[in-house]
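This is what each chain is made of:
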Amino acid sequence: AQTIHQWPVAEIKAVGSPLSLGCTIKGKSSPNLYWYWQATGGTLQQLFYSITVGQVESVVQLNLSASRPKDDQFILSTEKLLLSHSGFYLCAWSLEVNQDTQYFGPGTRLLVL
Amino acid sequence: QQQVRQSPQSLTVWEGETAILNCSYEDSTFNYFPWYQQFPGEGPALLISIRSVSDKKEDGRFTIFFNKREKKLSLHITDSQPGDSATYFCAASGGSFNKLTFGAGTRLAVCP
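Calculation rules
Residues numbered from 1 in each chain as written. Chains lettered and ligands numbered in written order. Predicted model: local features only at pLDDT ≥ 70, side-chain atom pairs only at ≥ 80, totals over all residues. Heavy atoms only, no water. Helix = DSSP H or I, 4+ residues; strand = E, 2+ residues; numbered from the N terminus. Rg over C-alpha atoms; globule rule 2.2 N^0.38 Å. Areas by Shrake-Rupley, 256 points an atom, 1.4 Å probe, with all protein chains shown as cover. Lys, Arg positive; Asp, Glu negative; His and termini not counted. Charge placed at Lys NZ, Arg CZ, Asp CG, Glu CD. Contact = heavy atoms within 4.5 Å. Polar contact = N/O pair within 3.5 Å; in protein donor to acceptor, adjacent residues only side chain to side chain. Pairing = 2+ DSSP bridges. Axes fitted to C-alpha atoms, helices over the stretch in contact; angles between N-to-C directions. Core = buried A, V, L, I, M, F, W, Y, C linked by side-chain atoms within 4.5 Å. Buried < 20%, exposed > 50% of the residue type's maximum accessible area, 1.4 Å probe, protein only. Salt bridge = Lys/Arg side-chain N within 4 Å of Asp/Glu carboxyl O. Buried area = accessible area lost by both parts, 1.4 Å probe.

Q: Looking at this structure, how should I read the overall build of chain B?
A: Across its full length, chain B holds zero helices and eleven strands. Listing the helices and strands of chain B from first to last along the sequence gives β-β-β-β-β-β-β-β-β-β-β. Its C-alpha radius of gyration of 13 Å places chain B within 12% of the 13 Å reference for a compact globule of 112 residues. Seen through its principal axes, chain B has C-alpha atoms that stretch 40 × 30 × 20 Å. Of the roughly 5,400 Å² of accessible surface on chain B, a fraction of 47% belongs to carbon and sulfur atoms. Charge separation in chain B, taken as the distance between the mean sites of 11 positive and 11 negative side-chain charges, equals 10 Å.

Q: Would you explain the environment of Asp84(B) in this entry?
A: Residues and elements named next belong to chain B. As for its placement among the helices and strands, Asp-84 is situated in the loop between strand E8 (72-77) and strand E9 (86-92). Distance from Asp-84 to Ala-19, taken between C-alpha atoms, is 9.9 Å for residues 65 residues apart in sequence. With sequence-adjacent residues up to four places away left out, Asp-84 is seen in contact with Gln-37, Arg-61, Phe-62, Ile-77, Asp-79, Leu-108 and Val-110. In this structure the side chain of Asp-84 is engaged in a polar contact, spanning 2.8 Å, whose partner is the side chain of Arg-61.

Q: Help me understand the sheet that holds E8(B), please; the structure alone is not making it clear to me.
A: Sheet strands pair by backbone hydrogen bonding; their relative direction is either parallel or antiparallel. All names here are of chain B. Spatial ordering of the open sheet is given by E1-E3-E8-E7-E6, a layout of five strands whose pairing is antiparallel. Of all strands in the sheet, those with a lone pairing partner are strand E1 (4-7) and strand E6 (56-59), marking the two edges. Pairs of neighbouring strands in the sheet enclose a mean axial angle of 15 degrees, with direction left out of account. Pairing of strand E3 (residues 19-25) with E8, which is carried by six bridges, proceeds in the antiparallel orientation. Across the sheet, residue Ile-20 finds its bridge partner in E8, namely His-76.

Q: Help me understand the nonpolar core, please; the structure alone is not making it clear to me.
A: Among soluble globular proteins, nonpolar side chains are generally buried collectively. Among the nonpolar cores identified, the biggest contains 25 residues, and Trp35(B), Leu73(B), Leu75(B) and Tyr88(B) are the most heavily contacted of them. Every element with two or more residues in this core is listed here: strand E2 (10-14), E3, strand E4 (32-38), strand E5 (45-51), strand E7 (62-67), E8, E9 and strand E11 (106-111) of chain B. Ignoring any residue separated from it by four or fewer positions in sequence, one finds Leu73(B) in contact with Leu21(B), Asn22(B), Cys23(B), Tyr25(B), Phe33(B), Trp35(B), Ile64(B), Phe65(B), Phe66(B) and Cys90(B). In terms of nonpolar packing, the next biggest core, distinct from the first, is built from 20 residues, Ile4(A), Ile25(A), Leu47(A) and Leu76(A) among them.

Q: Sorry if this is basic, but what is going on with the pattern of salt bridges here?
A: All names here are of chain B. In total, this model carries six salt bridges over all chains according to the counting rule given. A salt bridge links Arg-69 to Glu-70; the shortest N-O distance between them is 3.2 Å. Owing to a relative accessible area of 69%, Arg-69 belongs among the exposed residues under this scheme.

Q: Help me understand the interface of chain B and chain A in this model?
A: Accessible area lost upon the coming together of the parts is a frequently used measure of interface size. With 20 residues of chain B at the contact, the number on the chain A side is 25 residues. Across the interface of chain B and chain A, roughly 1,700 Å² is buried in total on both sides, 53% from carbon and sulfur atoms. Seen at the junction of chain B and chain A, the total is zero salt bridges. For the pair chain B and chain A, the interface holds four residue pairs in polar contact (both at pLDDT 80 or more). Contributing elements (two or more residues each) for the side of chain B that touches chain A: E4 and E5 of chain B. If one sorts the elements of the side of chain B that touches chain A by residue count, E4(B) sits on top with three residues.

The structure is reproduced here in structure tokens:
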């Protein structure tokens, strides 16, 4: 069975500090991977997607970047955090063949002060 | 531009009643509509989904009714249980690569 793991579970960071969030998928080879952001009490907004190692497409610009260093790993990062980066970050995956259905990870809660 | 709209914003029903959550969309290229259930502090979980070639999808107590002509769909939760209390998101895709567009969500409370 496939499992999706996100780390860390939660972070409290200072404005201007760097950030790195991670996501790992186990049990599926060559999944499509996605990063979403959710404001507290808000909807989900897709940030990035990746269909293969080394390739990442940006959906919206939020002064964040993403990378896919391995088939099962997706990283979200920034060198300088803004207050507006606070929220819930979710990683999701879908099968390459049936691309529509996306499955979400447990999320990382980020508070920027 | 809000392409997927949900109503009501919040809904309270009694245990055993049927909860009806509404969703509408604007983009006629959308052809896949998943509903996600999210509990506080957790990631959304896929609940049920429908493709635009169907007008109804049933899974236990959860049913999606889809009206392609009016670009509307609804999620019916029959025999609602307190454990169904959560936020429900309607989403849509079919345009650019795997982009899921989410509605603002409906917060459902089921009172015992």
